[in-house]
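Below are the chains, spelled out letter by letter.
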Amino acid sequence: MRTALPARRAKTIRGSRGFAARLALAFGCLLLSACAKRQQNSTLPGASFALPSSESSKGPALNLTLTTAQRQVLDVAQLRGRPLLLLLFATFDGASQVSLRALREFLQEHPEVQAVGVAVQPNARLLIDAWRAALDPPFTVTYDAEHQIEEGRSSLGKLEAIPTWVMLDAGGHEVGRHIGIVNRRILNRLHARLLNVR
C-alpha cells in the first residue's frame with residue numbers, strides 16, 4: 001500500500017524535478033549551439049592537441065599586418081630580432097583562456113620571447129577590448145583587419161583549429177606549431193625548436 005505524500009512535499013519534489021529538466025534542456029541547447037557554431041565556420045573547427053613534428057622549411061619570413069585593440073597598426077616584420085610566439089585565438093575560445101597561466105609563467109622564464117595574440121573571428125574589432133579587459137593577457141592583443149588569416153590567405157596557411165600557437169624565430173620563420181590547450185611542457189617544446197633549427 002502506497003502512502004500519499006503531504007501536498008507541500010509532493011509539490012517540492014515536482015518543482016525540483018521540473019528544475020532539473022529545465023537545467024538539462026538548457027545544457028543540451030548550449031552543446032548544440034556550440035556544435036552548430038563550429039560547423040558554420042569551417043576555418044575554426046574544434047581544437048585538437050597534436051604537436052606537429054616536421055622541421056621548419058625556412059621558407060619566406062612571415063609578413064603580416066595586424067591591428068591592436070587600440071587601433072594601431074602592428075607589422076609583424078618590425079618584431080624581428082627576437083623570437084615571437086603568436087597565439088591565434090577567438091574570444092569565445094576557452095582553450096586559450098585556460099592556457100594563459102602557463103603562458104604567463106613561460107614568458108617570465110623566457111623574457112627574450114615576444115608574444116602577440118591575434119583574434120581570428122568575425123567582428124573581432126568589436127570584441128577584443130572587452131576580452132582584453134576581462135582577462136588581462138600577457139601579450140599584445142590584435143586582430144587581422146583584412147581577414148587574411150581567417151580566410152587562409154596569409155603565409156600561415158589555412159588554420160586547422162583555434163587556438164593555434166605558432167613559434168617564429170628571430171628572423172620571422174615558423175619553427176613550431178601547436179593546436180589546442182598548452183601547458184609549460186608544450187611551451188618549452190616549442191621553445192626548444194628555436195634551438196633545434198639554428
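Quick caveat, the model's predicted, so the values are computed rather than measured.

1. Examining the pattern of salt bridges
Alright, step 1. Here the structure, examined in full by the defined rule, presents seven salt bridges.
Alright, step 2. The residue glutamate 105 makes a salt bridge to arginine 184 at a minimum N-O spacing of 3.3 Å. With glutamate 105 in helix H3 (residues 100-109) and arginine 184 in helix H5 (residues 184-196), this pair connects stretches of sequence that are 79 residues apart.
Alright, step 3. Close ionic contact of arginine 132 with aspartate 129 constitutes a salt bridge, the shortest N to O distance being 3.7 Å.

2. So, the environment of arginine 125
Alright, step 1. Assignment of secondary structure puts arginine 125 in helix H4 (residues 124-135).
Alright, step 2. In the structure, arginine 125 is positioned 54 residues away from arginine 71 in sequence and 8.6 Å away in space, judged by C-alpha atoms.
Alright, step 3. Dropping the residues within four chain positions of it, arginine 125 is found in contact with Arg71 and Tyr143.

3. So, the confidence of the model for the protein
Alright, step 1. When pLDDT is averaged along the protein, the result is 79; 70% of the residues meet or exceed 70.
Alright, step 2. Throughout residues 9-14 the model reports pLDDT below 50, and contacts reaching past four residues in sequence, or to other chains, amount to two contacts.
Alright, step 3. Of the regions scoring below 50 in pLDDT, residues 19-56 engages in 44 contacts with residues more than four places distant in sequence or in other chains.

4. Considerations on H5
An α-helical segment advances 3.6 residues per turn. Residues three or four places apart therefore align on the same side.
Alright, step 1. Taking 1.5 Å per residue as the helical rise, H5 with its 13 residues ought to reach 18 Å, and the 18 Å between its terminal C-alpha atoms agrees with that figure.
Alright, step 2. Those residues of H5 not exposed but buried are Ile186, Leu187, Leu190, His191, Arg193 and Leu194. Buried positions in H5, seen along its axis, are confined to an arc of 140° and lie on one side of it. Among the exposed residues of H5, those oriented more than 90 degrees off its buried face are Leu195 and Asn196.
Alright, step 3. Taken together, the buried residues of H5 touch strand S3 (84-89), H3, strand S6 (164-168) and strand S7 (174-179).
Alright, step 4. Two to three positions downstream of the cap, the backbone nitrogen of arginine 185 sits 3.2 Å from a side-chain oxygen, assigning the N-cap of H5 to asparagine 183.

Conventions adopted
Residues numbered from 1 in each chain as written. Predicted model: local features only at pLDDT ≥ 70, side-chain atom pairs only at ≥ 80, totals over all residues. Heavy atoms only, no water. Salt bridge = Lys/Arg side-chain N within 4 Å of Asp/Glu carboxyl O. Helix = DSSP H or I, 4+ residues; strand = E, 2+ residues; numbered from the N terminus. Contact = heavy atoms within 4.5 Å. pLDDT = per-residue confidence, 0-100. Expected span 1.5 Å × (residues − 1). Buried < 20%, exposed > 50% of the residue type's maximum accessible area, 1.4 Å probe, protein only. Arc of directions from axis to C-beta. Polar contact = N/O pair within 3.5 Å; in protein donor to acceptor, adjacent residues only side chain to side chain.

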